[in-house]
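Reading the structure
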Amino acid sequence: MKSLKLLLVMLFSWVTLAASAQQKYVMVIHGGAGTILKKNMTPEKEAAYIAALTQALKAGYAEIKSGKSSLDAVEATIHVMENSPLFNAGKGAVFTHDGRNELDAAIMNGKTLEAGAVAGVTTIKNPISAARAVMEKSEHVMMMGAGADQFAKEAGLEIVDPKYFWTKERWDGLQKAIKEDSTKAVLDHGSKKSELLGIKNRDYKFGTVGCVALDKAGNLAAGTSTGGMTNKKYGRVGDAPIIGAGTYCNNETAGISCTGWGEFYIRNVVAKTISDLMEYKGLSVAKASKIALDKVGKMGGDGGLIALDRKGNVTMPFNTEGMYRGTITADGKIEVLIYK
Ligand code: ASP
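Residues numbered from 1 in each chain as written. Predicted model: local features only at pLDDT ≥ 70, side-chain atom pairs only at ≥ 80, totals over all residues. Heavy atoms only, no water.

1. Some details on the overall build of the protein chain
Each helix and strand in the protein chain was counted, giving 11 helices and 12 strands. Within the protein chain, the fraction of its 340 residues that count as buried is 55%. Across the protein chain, the fraction of contacts at a sequence separation of at least 24, relative to all contacts at a separation of at least 6, is 69%. When the accessible surface of the protein chain is summed, it comes to about 15,300 Å², and 59% of that surface belongs to carbon and sulfur atoms. (Helix = DSSP H or I, 4+ residues; strand = E, 2+ residues; numbered from the N terminus. Buried < 20%, exposed > 50% of the residue type's maximum accessible area, 1.4 Å probe, protein only. Contact = heavy atoms within 4.5 Å. Areas by Shrake-Rupley, 256 points an atom, 1.4 Å probe, with all protein chains shown as cover.)

This is the structure in structure tokens:
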């Protein structure tokens, strides 16, 4: 009788454990937020986005499943999106006012709080790997411009001709932005401050990519990679490579990757604020993320973010029409979403 009772208890706890393991998220990704409306999307384009996001999730999940680290998963996932012209990162990055592609990326290890970032790089095929190399192979956290390009080359990363990043869609986007910027009507979209920053139209689609992963050892990692904002000027750097603004990760709280109008994310130190709200106020990842994003929205900034805590809770809030996003659970179940 006693052993039967014990057996039942064991069976019950196994079933509950198995169920919670299944629901646990191990990865969350985004491919940017912005004016993404179903009416502007062709079925082919929508299918292409869904396929690319799914492929990215699968690439990272394969790393986690084989026992590799969350850093490996983040890097593998972001490679897929950097190599796809659909996203504003790596190939397909937006253009600066001068017609260049200047890329930003950051990665952070939630176990050690080590971080690496590159800003304004122009020749590194996969900026997320350069960010990781800064973290693991240098004593610094952030490198920028020609120096960062040089460092990546010396670290043995793949270097490409800047032409590699050129895509017609982004080039046309720049021409449109330049044209709109010279007409008064479009100035109405932006605030005085944003005009000073050279960003006058808040309706541009953002397309940064980001990933947070939780590995079998229970360690979190977060990464973000972007071309920044169309028509950016004067060596502008966004939030993505700034640790604490667009990217942050701590095993004690969560991994966070942001997308949106970077200036607002920098001024609100969004990613670290979420971590702090969790650490010092005991808030859940969802509550903390909502508070931080609401603040961005109140100040006139738009965008979204993804966050994953070490228990496998996920949140993906945004205040734009859409955000390319997806999750995968420990048992491999994929969900990909675009609109509200
Ligand atoms: N946050 C990025 C930046 O401001 C843009 C984006 O998310 O697409 O550089």
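2. Things to note about the site of the ligand
Surveying the vicinity of the ligand reveals the residues Asn88, Phe206, Gly207, Thr208, Gly228, Met229, Arg236, Gly238, Asp239, Thr259, Gly260 and Gly262. Separating a nitrogen atom of the ligand from a side-chain N or O atom of Asp239 is a distance of 2.7 Å. In this structure, a nitrogen atom belonging to the ligand sits 2.7 Å away from a main-chain N or O atom of Gly260. In isolation the ligand offers 270 Å² of accessible surface; the protein chains occlude 100% of this area. At a threshold of 2 Å from the grid points, most atoms of the ligand map onto the largest cavity. Here the shell around the ligand is built from residues that sort into two nonpolar, eight polar and two charged. (Near = heavy atom within 4 Å. Polar contact = N/O pair within 3.5 Å; in protein donor to acceptor, adjacent residues only side chain to side chain. 1 Å grid on protein atoms, 1.4 Å probe; cavity = no way out; pocket = protein on both sides within 12 Å on 5 of 7 lines; lining within 4 Å. Sits in = over half its atoms within 2 Å of the grid points. Nonpolar A, V, L, I, M, F, W, Y, C, P; charged D, E, K, R; others polar.)

3. Structural notes on the sheet that holds strand β8 (residues 254-260)
Strands sit in the order β7-β8-β9-β10 across an open sheet of four strands; the sheet is antiparallel. At either end of the open sheet lies a strand with only one pairing partner, and these are β7 (247-249) and β10 (314-315). Sheet contacts for helix α10 (residues 270-281): β7, β8 and β9 (303-309); angle to β8, the most-contacted strand, approximately 145 degrees. Contacting β8, β9 and β10, helix α11 (residues 285-298) runs over the sheet at an angle of about 160 degrees to β9. (Pairing = 2+ DSSP bridges. Axes fitted to C-alpha atoms, helices over the stretch in contact; angles between N-to-C directions.)

4. Description of the pairing of strand β1 (residues 25-34)
Counting buried residues in β1 gives nine out of 10 residues, a clear majority hidden from the surface. Where β1 lies against strand β11 (residues 322-329), seven bridges are found, and the strand directions are antiparallel. By the bridge assignment for β11, His30 is matched with Arg325. Of the pairings in the sheet, the one linking β1 to strand β5 (residues 209-214) comprises four bridges and is antiparallel in character. Paired with Ile29 across the bridge in β5 is Cys211.

5. Overview of the environment of Ala130
You can see Ala130 is positioned in helix α4 (residues 127-137). C-alpha separation for the pair Ala130 and Asp104, spaced 26 residues apart in sequence, amounts to 9.9 Å. Those residues in contact with Ala130, other than ones at most four positions away along the chain, are Val118, Ile124, Phe151, Ala152 and Leu157.

6. Considerations on the confidence of the model for the protein chain
In the predicted model, the protein chain carries a mean pLDDT of 90, and 86% of its residues have values of at least 70. Contacts from residues 183-197, a stretch scored under 50 in pLDDT, to residues over four places away or in other chains number 16 contacts. Overall, residues 199-203 carries pLDDT values under 50, and its contacts beyond four positions in sequence, including any with other chains, amount to 20 contacts. (pLDDT = per-residue confidence, 0-100.)

7. Some thoughts on the layout of surface pockets
When its volume is computed, the second largest pocket comes out at roughly 150 Å³. What lines the second largest pocket is a set of 10 residues, and nearest its centre among them are Lys24, Val26, Ile64, Lys216 and Ala330. It is helix α2 (residues 43-65) that contributes the most residues to the lining of the second largest pocket, three residues altogether. Each residue belonging to the lining of the second largest pocket can be placed in one class, and the counts come to six nonpolar, no polar and four charged. (Points joined across faces, edges and corners; volume = space filled by probe spheres on them.)

8. Describing the side chain of Lys232
Within the secondary structure, Lys232 sits in the loop between β6 (220-226) and β7. In this structure Lys232 is buried but unpaired, with Asp104 as the nearest side chain of opposite charge at 4.4 Å. Polar contacts involving the side chain of Lys232 include one to the main-chain carbonyl oxygen of Glu102, which spans 2.7 Å. The residues contacting Lys232, other than those within four sequence positions of it, are Phe95, Thr96, His97, Glu102, Asp104 and Gly227. (Lys, Arg positive; Asp, Glu negative; His and termini not counted. Salt bridge = Lys/Arg side-chain N within 4 Å of Asp/Glu carboxyl O.)

9. Regarding α11
With 14 residues, α11 should reach 20 Å at 1.5 Å per residue; the first-to-last C-alpha distance of 20 Å fits that figure. Burial in α11 covers these residues: Val285, Ala288, Ser289, Ala292, Leu293 and Val296. Seen end-on, α11 carries its buried residues on one side only, within an arc spanning 120 degrees. Exposed residues on α11 whose side chains face more than 90 degrees from its buried face are Lys287 and Lys298. The elements touched by buried residues of α11 are β8, α9 (262-267), α10, β9 and β10. (Expected span 1.5 Å × (residues − 1). Arc of directions from axis to C-beta.)

10. Some words on the packing of α2 against helix α3 (residues 70-83)
Here α2 crosses α3 at 155 degrees, and the two axes come no closer than 8 Å. In terms of orientation, α2 lies roughly antiparallel with respect to α3. As for how α2 packs across α3, the hand of that crossing is right-handed. Contacts between α2 and α3 pair Ala52, Leu53, Gln55, Ala56, Leu57, Ala59, Gly60, Glu63 and Ile64 from the former with Asp72, Ala73, Ala76, Thr77, Val80 and Met81 from the latter. Residues of the contact of α2 with α3, tallied by class, amount to 10 nonpolar, three polar and two charged. (Parallel < 35°, antiparallel > 145°, perpendicular 65-115°, else oblique. Left-handed = near helix turned anticlockwise from the far one by under 90°.)

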